[in-house]
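Examining the three-dimensional arrangement
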Amino acid sequence: MAWTEKDVNGREKDLIAENGFLKDRQSSLGPSTSTVDVIPPPKAFEGKDALSYANILRSRNKFVDALAIYNSVLEKDSGCVEAYIGKGICLQMQNMGRPAFESFAEAIKLDPQNACALTHCGILYKDEGRLVDAAESYQKALKADASYKPAAECLAIVLTDLGTSLKLAGNTQEGIQKYYEALKIDPHYAPAYYNLGVVYSEMMQYDTALSCYEKAALERPMYAEAYCNMGVIYKNRGDLESAIACYERCLAVSPNFEIAKNNMAIALTDLGTKVKLEGDINQGVAYYKKALYYNWHYADAMYNLGVAYGEMLKFDMAVVFYELAFHFNPHCAEACNNLGVIYKDRDNLDKALALSIKPNFSQSLNNLGVVYTVQGKMDAAASMIEKAIIANPTYAEAYNNLGVLYRDAGNITMAVTAYEQCLKIDPDSRNAGQNRLLAMNYINEGDDDKLFEAHRDWGRRFMRLYPQYDSWDNPKDPERPLVIGYISPDYFTHSVSYFIEAPLIYHDYGKYQVVVYSAVVKADAKTNRFRERVVKKGGLWRDIYGIDEKKVASMIRDDKIDILVELTGHTANNKLGAMACRPAPVQVTWIGYPNTTGLPTIDYRITDSLADPPGTKQ
């Protein structure tokens, strides 16, 4: 997030009108309202008339001609203060600072209390960078005439500049004092409030900084930088809506303010991520796209669009935005990594392998290991995952994947050790927690309570991640058909499918209403056959792959399921998160796993004497 330029005054030059007068000082004849310059020849004027004529010339920006007349007047009357001031202004407007100063100095010799001349001397001092001398000159002007507004305004400006110089030199408190002195002289001087906002922001006194920025914007409603910096504070506080509102005000005033446009893109991207995590992925996508309106090459917005479209299973769109993110930010390893994951899932392993761009980027190394695992190149896979761990020793997922390699190689003890290392780093790692439980079934004979306790402890921890329903709206009519739900990712050519086929086909659909919740990743002919048979017999088939488990639980509850049967246990792609929410009053596990799930929300486990011989202790 970028701050705007910190020290902005930009007002002192405005105190001098086009004719060189200080704004509240009038020429002898006053300003002309004619749109046509009709100026009599100079010989028609003498004395005061000549002075007035010179003022008219000066008001027309004819400084050379006016200067000649002022000199002519002074040749005849060397005590004419107004002529010295007019001459000084003409010289000043022609960037002849030293002669201009000498002319103002002559005026001051003749009239030491002349506020106008003193003020112009102050302006010349400031132009030379002599801020202290400028301040003294303005103060003398105000001492001579406390109501002389141009001197007050100029003093406020130079005090603000002094404050900034002191702050940049490390004297922050003295700088703050000068800003407040400026406001004491001119309570409406917006840049002093703005610079106070900057310094209080740097001191992390953000409430005070906000108050100062608000006062700056109140005094100068077109103060784009103040709105921008207010947005930065709100953004850093996490108040994204207020930040965006400030950036909108800033850009309404200054539509091409690049810093504000970039900051707006950042805030909109963060807001998109926030609402997406809250469950509104479509609104998140809308915010990401709006961010690109303000900064069309903002790679983070593109990357997050890729993530969102991936979660929506719109992988073609995800690929487009990941590639754009990588194009605009070649160092965005995450985008490249996620592209590799998509290509791997699409079985385009060669392209997935080609996307290794950072030799020490742990995610890429880890995913290369996964690709090699899929290809059956176990040694290469282990090498990549071990490199990922070396690159990032706290990369929990790499330890989980190393455990999978050990498991597939038949070294269950080493697999469990790797899973447990992952859990030390990330105690809530779902993959490692469930892989550990599954692996323990192969090495623990059930002679003690270790296996049961491991499942129970996992279930208790997992339950904390999900809210539980404790009431249901199912009709209490005892004559109605029971509604049975089956939830699984394995309704395809998979071992579980051979066991679930009979219930799905031979259920008495007159006495039971059947609802199938399918989380199948890649449907096949068997999936299609199941779906056709269930629907043909009057059942419901709901595809839930890619849907958040809390939303799945809400769907199940809305379907008023009486008995929910899950068929996966701790094996791949399970929906135990939905089961943890207890969307049905009676919940059962069956066939997919040889043990308890450990979830308190699952009431029964269906088994038989072959799966669990009567003599077993667990």
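Described in the following lines is the structure provided in the data block. Going along each chain's sequence as written, the residues are numbered from 1 onward. Per-residue local features are limited, in this predicted model, to residues with pLDDT of at least 70; the limit for side-chain atom pairs, both in listing and counting, is 80 or more; totals at the level of whole chains, interfaces and linings are taken over all residues. Side-chain figures throughout are based on the complete set of non-hydrogen atoms in the structure, without hydrogens or water.

Remarks on the pairing of strand E4 (residues 563-566)
We apply this condition: Each pair of strands is called paired provided DSSP finds at least two bridges between the two strands. Helical segments are the DSSP runs of H or I of at least four residues, strand segments are the runs of E of at least two, and each set is numbered from the N terminus.
Bridge analysis of strand E1 (residues 482-488) against E4 gives four bridges, and the strand direction is parallel. Opposite Ile487, over in E4, you have Glu566 as the bridge partner. Across four bridges, the pairing between E4 and strand E5 (residues 586-590) is parallel. In the strand pairing of E5, Glu566 is matched with Thr589.

Thoughts on the sheet that holds strand E6 (residues 604-606)
The criterion, for reference: Here an angle of 0 to 180 degrees is reported between the N-to-C directions of two axes, which are lines fitted to C-alpha atoms, with helices fitted over the stretch in contact.
Read across the open sheet, the six strands follow the order E3-E2-E1-E4-E5-E6; overall the sheet is parallel. Every interior strand has two partners, whereas the edge strands, strand E3 (540-543) and E6, have only one. Mean inter-strand twist for the sheet, computed between neighbouring axes without regard to direction, equals 25°.

Quick notes on the packing of helix H2 (residues 63-76) against helix H3 (residues 81-93)
The test is simple: Roughly parallel covers angles under 35 degrees, roughly antiparallel covers those over 145, roughly perpendicular covers 65 to 115, and oblique covers all other angles. Each helix crossing is assigned a hand: it is left-handed if the near helix lies turned anticlockwise from the far helix by less than a right angle, otherwise right-handed if that turn is clockwise. Contacts are assigned to residue pairs with any non-hydrogen atoms lying within 4.5 Å of each other. For this scheme, ten residues count as nonpolar: Ala, Val, Leu, Ile, Met, Phe, Trp, Tyr, Cys and Pro. Four count as charged, namely Asp, Glu, Lys and Arg, and the remainder, Gly too, count as polar.
The geometry of H2 relative to H3 is characterised by a closest axis approach of 9 Å and an angle of 150° between their N-to-C directions. Between H2 and H3, the angle falls in the class roughly antiparallel. When the axes of H2 and H3 are compared, the crossing they make is left-handed. Of H3, the residues touching H2 (which contributes Phe63, Ala66, Leu67, Tyr70, Asn71, Val73 and Leu74) are Ala83, Tyr84, Gly86, Lys87, Cys90, Leu91 and Met93. Grouping the constituent residues of the contact of H2 with H3 by class yields eleven nonpolar, two polar and one charged.

Some points on the nonpolar core
The condition that has to hold: What we call a nonpolar core is a set of buried Ala, Val, Leu, Ile, Met, Phe, Trp, Tyr and Cys residues that are connected through their side-chain atoms within 4.5 Å. Burial classes: relative accessible area under 20% of the type maximum marks a residue as buried, over 50% as exposed, and values in between as partly exposed (1.4 Å probe, protein chains only).
Ranked by size, the top nonpolar core spans 116 residues in total, and within it Ile85, Leu196, Tyr213 and Tyr322 carry the most contacts. With nine residues, the top contributor of residues to this core is helix H7 (residues 149-168). Listed in part, the 35 residues of the second largest apolar core include Ala415, Leu438, Leu451 and Val483.

Digging into helix H5 (residues 115-127)
Think of an α-helix as turning once every 3.6 residues; residues three or four places apart then point the same way. Note the following rule: The span you would expect from a helix comes to 1.5 Å times its residue count less one. Here a polar contact is recorded for every N or O atom pair within 3.5 Å, except that within protein the pair must consist of a potential hydrogen donor and a potential acceptor, and residues adjacent in sequence are included only if both atoms are side-chain atoms.
Here H5 spans 18 Å end to end across 13 residues, near enough to the 18 Å set by a 1.5 Å rise per residue. Looking at H5, one finds that the buried residues are Ala115, Cys116, Ala117, Leu118, Thr119, His120, Cys121, Gly122, Ile123, Leu124, Tyr125 and Lys126. Residues of H5 that are buried in the fold lie against H3, helix H4 (97-110), helix H6 (131-144) and H7. The opening residue of H5 is Asn114, an N-cap whose side-chain oxygen sits 3.2 Å from the backbone nitrogen of Cys116. Positioned one or two residues after H5, Gly129 has a phi angle of 85°, which is positive.

Quick word on unusual backbone geometry
In the Ramachandran plot, Met204 falls in the positive-phi region, its phi being about 65° despite a non-glycine side chain. In this fold, Met204 is placed in the loop between helix H9 (190-202) and helix H10 (206-219). The phi dihedral of Arg582 falls on the positive side, at around 50°, and the residue is not glycine. Looking at the secondary structure, you find Arg582 in the loop between helix H28 (576-580) and E5. With relative accessibility at 13%, the residue Arg582 sits in the buried group.

As for the packing of H3 against H4
Their axes nearest at 8 Å, the elements H3 and H4 cross at an angle of 165°. The orientation of H3 relative to H4 falls into the category roughly antiparallel. By crossing handedness, the relation of H3 to H4 is classed as left-handed. Contact with H3, carried on its side by Val81, Tyr84, Ile85, Lys87, Gly88, Ile89, Leu91 and Gln92, involves Pro99, Ala100, Ser103, Phe104, Glu106, Ala107 and Leu110 of H4 and no other residues of that element. Per-class residue counts for the contact of H3 with H4 are ten nonpolar, three polar and two charged.

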